[in-house]
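Chains, contacts and geometry: an overview
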Amino acid sequence: MKYAFFGAAALALCATNAHAGTATRAPFGALADGSKVEAVTLTNGAGVSALIMTLGATLQSLIVPDKAGHKDDVVLGYDTAQEYLSHPDYFGASVGRYANRIAKGKFTLDGKSYTLATNDGPNSLHGGLKGFDKRMWKIDSVTSGPEAKAVFSYVSADGEEGFPGELKVTVTYSLNEQNELKLEYRATTSKPTVLNLTNHSYFNLSGNDARDVMGNMVTLHAERFTPVDATLIPTGERRGVAGTVLDFRNSHQVGDRIRDAREQQLRYGRGYDHNFIVDGAAGTLRPAAVVSEPVSGRTLELSTTAPGVQFYTGNFLDGTFFGKGQRAYRQGDAICLEPGVFPDSPNHPDFPTSRLNPGQNYVNTIVYRFSAR
Ligand code: BGC
């Protein structure tokens, strides 16, 4: 009986796989200036599908079944491409050249000073005024199969947004039958430069933003984090999470301690908005975080090669953003997990380097694995 059961299950799996793994390319409307936006949809046999549009190489939607098999979109965003430019908040975007903050928009490299636009109080945030999230990327290739994938590319001119070197960037999105959506950011440069590329998806595993994320259970594989000042720039310290409200080494409910104003770090961030130092060796793919939503039963496991992950609880969503299906996005409606080097690394020589030299290959691999039970 047992044998027969597994046989049937295996057959069912084969049958599903026969139709699995498609990558299709289609128009995704146009911007107000008339430029056309395209998208690729990756779909697997288990009912997961990801739509990535050329504006910002943005993950615009991510459909994942819940424990009952019901499919929902688990990322925040907009219905139309133009809204991503009109009300930018980096929903699902590929962020660059430098994800997160650079203090006062200034850094020096090989003795030369560089000045960036300050677009977040006194600091530069997420690549400046027109970062990679607001650029039109090209679709280089689209491949169906058990690992359906699409490669997007963008060439950033020498000096763009104040950064040195012509930067050639690709991001490969791939989806397999194990419900793993993998993103691989790669770059080369013509001159020494600094960079930090990541994806800025806002996850709400309840699907279609049915509930806020305060009831989500979160594990962060991080013994330490980098404390920040009032403008969210790291002080340079690497502080142990033990005994603090930033201790997520064991699964913890997000909302449990988020209002604990005795923790200065939570006051600065208005909640969690911190870079956690992922345990283990940077450069190797290793687990960084787990998020579970108890009602839908969905779980997201994040792995990355990056040294850190910014854990952000949507603290600056203030109800003035109306997302997909005209839903108002409010504080605490999503969790962002942004793997990368640490914020403001160009100004912290003892942080893992954000420097890229000509001839070197930059790689940041991010894997989101979904399950439901
Ligand atoms: C930052 C937040 C910021 C958000 C949206 C996150 O990476 O840490 O402070 O509000 O991005 O820009």
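Residues numbered from 1 in each chain as written. Predicted model: local features only at pLDDT ≥ 70, side-chain atom pairs only at ≥ 80, totals over all residues. Heavy atoms only, no water.

1. With respect to the overall build of the chain
To be explicit about the condition: Secondary structure elements follow DSSP: runs of H or I no shorter than four residues count as helices, runs of E no shorter than two count as strands, and numbering proceeds from the N terminus. With C-alpha atoms as the basis for the radius of gyration, the globule rule is written as 2.2 Å multiplied by the number of residues raised to the power 0.38. Residue exposure (1.4 Å probe, protein chains only): buried if accessible area is under 20% of the type maximum, exposed if over 50%, otherwise partly exposed. Whether two residues are in contact is decided by their heavy atoms: any pair within 4.5 Å suffices.
Looking only at helices and strands, the chain has 4 helices and 30 strands in total. Here the C-alpha atoms of the chain give a radius of gyration of 20 Å, agreeing with the 21 Å that 2.2 N^0.38 yields for 373 residues. Looking at the chain as a whole, 55% of its 373 residues are labelled buried. Counted over contacts in the chain with a minimum sequence separation of 6, partners at least 24 positions apart contribute 66%.

2. Some thoughts on the confidence of the model for the chain
Cut-off, in case you're wondering: Predictor confidence is given residue by residue as pLDDT, running from a minimum of 0 to a maximum of 100.
Across the chain, pLDDT averages 94, with 95% of residues at or above 70. Here helix H1 (residues 2-18) stands out as the element of the chain with the lowest mean pLDDT, 39, in contrast to strand S13 (residues 167-175), whose mean of 99 is the highest. Low confidence marks residues 1-18, where pLDDT is under 50. Its contacts with residues over four positions away, or in another chain, come to 2 contacts.

3. Some words on the sheet that holds strand S25 (residues 308-312)
What counts is decided by this rule: Strands qualify as paired when DSSP identifies two bridges or more between them.
With respect to topology, 6 strands assemble into an open sheet ordered S17-S28-S25-S22-S19-S20, the strand pairing being antiparallel. Every interior strand has two partners, whereas the edge strands, strand S17 (202-203) and strand S20 (239-240), have only one. Where strand S22 (residues 273-277) lies against S25, 5 bridges are found, and the strand directions are antiparallel. Bridging across to S25, Asp273 finds its partner in Tyr312.

4. Examining the side chain of Asn196
If you trace the backbone, Asn196 turns up in the loop between strand S15 (193-194) and strand S16 (198-200). A relative accessible area of 3% places Asn196 in the buried class. With sequence-adjacent residues up to four places away left out, Asn196 is seen in contact with Val95, Gly96, Arg97, Tyr98, Ala99, Gly340, Val341 and Tyr362.

5. Quick notes on the nonpolar core
Worth spelling out the cut-off: We define the nonpolar core as a collection of buried residues of types Ala, Val, Leu, Ile, Met, Phe, Trp, Tyr and Cys that are connected through side-chain atoms lying within 4.5 Å of one another.
Counting 62 residues, the largest nonpolar core has Leu42, Leu62, Phe152, Tyr173, Leu181 and Leu337 as the members making the most contacts within it. Among the elements that line this core, the one with the most residues is S13, at 5 residues.

6. Observations concerning the site of the ligand
Operational definition: Whether a residue is near a molecule or strand depends on its heavy atoms: it is near if one of them lies within 4 Å of it. Contacts described as polar in this section are N or O atom pairs within 3.5 Å, which, within protein, must combine one atom able to donate a hydrogen with one able to accept it, while residues neighboring in sequence count only if both atoms come from side chains. Surface accessibility follows the Shrake-Rupley procedure with a 1.4 Å probe radius. Residue values consider only the protein chains on display as shielding. For this classification, the nonpolar set comprises Ala, Val, Leu, Ile, Met, Phe, Trp, Tyr, Cys and Pro, the charged set comprises Asp, Glu, Lys and Arg, and every other residue, Gly included, is treated as polar.
Near the ligand there are 14 residues, and of these Arg101, His126, His200, Asp273 and Glu338 occur at the shortest range. In this structure, an oxygen atom belonging to the ligand sits 2.9 Å away from a side-chain N or O atom of His126. Within the side chain of His200, one N or O atom sits 2.8 Å away from an oxygen atom of the ligand. Relative to its unbound accessible surface of 310 Å², the ligand loses 96% to contact with the protein. The class makeup of the residues in the shell around the ligand is 6 nonpolar, 4 polar and 4 charged.

7. Some remarks on the packing of aromatic side chains
The following threshold applies: Aromatic rings from Phe, Tyr and Trp, taking only the six-membered ring of Trp, are treated as a pair when their centres fall within 6.5 Å; an angle between ring planes under 30 degrees marks them as stacked, one over 60 as edge-to-face, and anything in between as tilted. Only when the NZ of Lys or the CZ of Arg is both within 6 Å of the ring centre and within 35 degrees of the ring normal is a charge said to sit over the ring.
For the structure shown, the criterion picks out 21 aromatic pairs. When the ring of Tyr272 is compared with that of Phe311, the centres are 5.3 Å apart and the planes differ by 35 degrees; the resulting orientation is tilted. Of the two residues, Tyr272 sits in the loop between helix H4 (264-269) and S22 while Phe311 sits in strand S25, which places them 39 residues apart along the sequence. The buried category is assigned to Phe311, whose relative accessible area is 0%. With centroids separated by 6.1 Å and ring planes inclined at 75 degrees, the aromatic side chains of Phe276 and Phe311 adopt a geometry described as edge-to-face. Taken as a pair, Phe276 in strand S22 and Phe311 in strand S25 lie far apart in primary sequence, 35 residues in all. Both residues of the pair, Phe276 and Phe311, belong to the buried class. The ring of Phe248 is capped by Arg257, whose NZ or CZ atom sits 4.8 Å from the centre of that ring.

8. Examining the sheet that holds strand S2 (residues 36-43)
Quick reminder of the rule: For helices, the fitted axis covers only the stretch in contact; all axes are lines through C-alpha atoms, and the angles between them, taken along N-to-C directions, range from 0 to 180 degrees.
Sheet architecture is open: 5 strands sit in the order S1-S2-S3-S4-S5, paired in antiparallel fashion. In the strand order of this sheet, the two ends are held by strand S1 (22-30) and strand S5 (71-73), each with one partner. Adjacent strand axes in the sheet meet at a mean angle of 20 degrees when their direction is disregarded. In this sheet, S5 lies alongside strand S4 (residues 58-65) in antiparallel orientation, the contact comprising 3 bridges. If you follow Val64 over to S5, its bridge partner there is Asp72.

9. Some remarks on the pattern of salt bridges
Selection rule: In what follows, salt bridge is the name for a side-chain nitrogen of Lys or Arg lying within 4 Å of a carboxyl oxygen of Asp or Glu.
Evaluated as defined, the whole model comprises 16 salt bridges. The residue Lys191 makes a salt bridge to Asp158 at a minimum N-O spacing of 2.5 Å. Remark: Asp158 occurs in the loop between strand S12 (148-156) and S13 and Lys191 occurs in the loop between strand S14 (180-189) and S15; sequence separation between them is 33 residues. Classification of Asp158 by relative accessible area gives partly exposed; the value is 40%. Arg239 is the partner of Glu237 in a salt bridge, and the nearest nitrogen-oxygen pair spans 2.9 Å. Taken together, the shared-partner salt bridges in this structure form one network comprising Glu180, Glu301 and Arg369.

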